[in-house]
Amino acid sequence: MQRCCCLKFKVKVMTIIYLKKHKEESLRRFHPWVFSGAIGHVKGQPEEGDVVAVRSAEGETLGTGHWQEGSIAVRILEFGVESLQENFWQERIKAAYRMRRDLGLINADNNTYRLVHGEGDFLPGLIVDVYGNTAVVQAHSAGMHRSRTEIAKAITETVEEVENVYYKSESTLPFRKNFADIEDGYLIAADGEKAMHADHWAKENGLEFKIDWLRGQKTGFFVDQRENRRLVERYSAGRKVLNMFCYTGGFSVYALRGGAERVCSVDSSEKAVELVRQNVERNYPCCARHEAVCADAFDYLGKVQREGRESYDLIILDPPAFAKHRGAIRNALQGYKRLNAKAFEMIEKGGILFTFSCSQAVDKEMFRLAVFSAAAMSGRKVRILHQLTQPQDHPVNIYHPEGEYLKGLVLYVE
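The structure presented is a predicted model; accordingly, all values stated were derived computationally and were not measured.

**A closer look at the packing of aromatic side chains**
Piece 1. Throughout the structure, instances matching the rule amount to 13 aromatic pairs.
Piece 2. With a centroid separation of 5.1 Å and an interplanar angle of 40°, the aromatic rings of Phe209 and Phe221 are classed as tilted. Of this pair, Phe209 sits in strand 15 (residues 207-210) while Phe221 sits in the loop between strand 15 and helix 6 (226-235); the two residues are 12 residues apart in sequence, bridging distant segments of the chain. Like Phe221, Phe209 is buried.
Piece 3. Relative to Tyr254, the ring of Phe209 has its centre 6.4 Å away and its plane inclined at 15°; by these criteria the two rings are stacked. You can see Phe209 sitting in strand 15 and its partner Tyr254 sitting in helix 7 (residues 250-257), a full 45 residues away along the chain. Each of the two residues, Phe209 as well as Tyr254, counts as buried.
Piece 4. For Arg148, the ring lying beneath its charged end belongs to Tyr167, and the centroid distance is 5.8 Å.

Next up, the structure:
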């Protein structure tokens, strides 16, 4: 095992997790999860979110991580040590920020990006998205929840442009019953009352979007589709575009900039549809090329097909996760097949279909098979132009392939 050579350590571990014999191999390969079934015995009485040490059955030090009840019992923060550096949070967030800056993701035209992507940034259980001068933090583990104050402080010390830190974890934390202090709200609010009540706008590739981290989905915006939205822009000139599950209308705004003849944005949420209208108006005042519709996706596609009153030659399908756990995979694949079959039936000859899955439980091959089945049912000639994934600020830890969750295909349909 590689060991950290840093001299200063802060968190002294009181609990030691001993693994069963031969259950340490995944940690030797630097996979950051310890499953409950791999644990032999526990020395101590850990509470949710405690920092614990992990050892092999023979007593070899394997790493230090956050303890949590459930299938994933420990999420490793540091391999080969039994305590954490005094400046652990600052160093990890500094490394994440440096990578985004060095890749050119942060610039005058783009102040919207993911600063921390869980295991992809070696901080399992933590998500941080930045919108202008505000960072939105989501904890997906008890340990990250308990460390939220230190995390917020490290963000503002590291990222010069960030002045406010909003904590949004009420809906993401498992075992919420074990904590009485889970509440969404500002951990740091340099803007004071303005941070609480003002409209918040951020810039992505030169376009402006209203970000509602207080009431919106996830952290308020789907940052992971940034590069895929640019690809939609590239293919939109002169096309009639249908953006299903549009949410904030990111794909729609890019399609308009790309020269789309007409864009229709559809979502089942009236709040989302209103947000789309605001985003379109902000970037293209009084735009006659755009229409926003509040409707169920399957109902809308069925109605368009029955009435034959609309035709589209670029369709975007970006649904919410159909499978949030492995037990839902079968139904999810049926959902993807039905949805894509509708699109294949109605898209114009020479049309382009952007289709996505953000279900982590559904891998690339499963999703591709569902889309293949839908294409076969339609009898159309279909070719793959692009195979898409998440952008650079959503990196995949090479030792944790489960971090590759976003899958997309761009298809040319004859």
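**Brief notes about the pattern of salt bridges**
Piece 1. Tallied over the full model, the rule gives 22 salt bridges.
Piece 2. Put simply, Lys94 and Glu91 hold a salt bridge, and the shortest N to O gap is 3.6 Å. Separated by 3 residues within a single helix, Lys94 and Glu91 lie in helix 2 (residues 88-102), roughly one turn from each other.
Piece 3. On the basis of relative accessible area, Glu91 is assigned to the partly exposed category, the value being 32%.
Piece 4. Taking the shortest distance from any N to any O, the salt bridge between Arg229 and Glu204 comes out at 2.9 Å. With Arg229 in helix 6 and Glu204 in strand 14 (residues 201-204), this pair connects stretches of sequence that are 25 residues apart.
Piece 5. Through salt bridges with shared partners, one network takes in Glu24, Glu25, Arg28 and Glu60.

**Some words on the environment of Asp184**
Piece 1. With respect to the element layout, Asp184 can be found in the loop between strand 12 (164-167) and strand 13 (185-189).
Piece 2. Residues Asp184 and Ser169, spaced 15 residues apart in sequence, show a C-alpha to C-alpha distance of 6.2 Å.
Piece 3. Apart from residues lying up to four places away in sequence, Asp184 is in contact with Tyr166, Tyr167, Lys168, Ser169 and Glu170.
Piece 4. Engagement of the side chain of Asp184 in a polar contact is seen with the backbone nitrogen of Ser169, the distance being 2.8 Å.

**Comments concerning the sheet that holds strand 9 (residues 112-117)**
Piece 1. Taken together, the 5 strands give an open sheet; going across it, the order is 9-10-11-12-13, and neighbouring strands pair in mixed fashion. The open sheet is flanked by strand 9 and strand 13, the only strands paired with a single partner. Strand-to-strand twist across the sheet, computed as the mean angle between neighbouring axes with direction ignored, equals 20°.
Piece 2. Note that strand 10 (residues 126-131) and strand 11 (residues 134-139) share 6 bridges and pair antiparallel. Within strand 11, the residue paired with Leu126 across the bridge is Ala139.

Cut-offs used in this document
Residues numbered from 1 in each chain as written. Predicted model: local features only at pLDDT ≥ 70, side-chain atom pairs only at ≥ 80, totals over all residues. Heavy atoms only, no water. Phe/Tyr/Trp six-rings, centres within 6.5 Å; stacked < 30°, edge-to-face > 60°. Helix = DSSP H or I, 4+ residues; strand = E, 2+ residues; numbered from the N terminus. Buried < 20%, exposed > 50% of the residue type's maximum accessible area, 1.4 Å probe, protein only. Lys NZ or Arg CZ within 6 Å of the ring centre and 35° of its normal. Salt bridge = Lys/Arg side-chain N within 4 Å of Asp/Glu carboxyl O. Contact = heavy atoms within 4.5 Å. Polar contact = N/O pair within 3.5 Å; in protein donor to acceptor, adjacent residues only side chain to side chain. Pairing = 2+ DSSP bridges. Axes fitted to C-alpha atoms, helices over the stretch in contact; angles between N-to-C directions.

No statement about biological role is implied by the geometric values presented.
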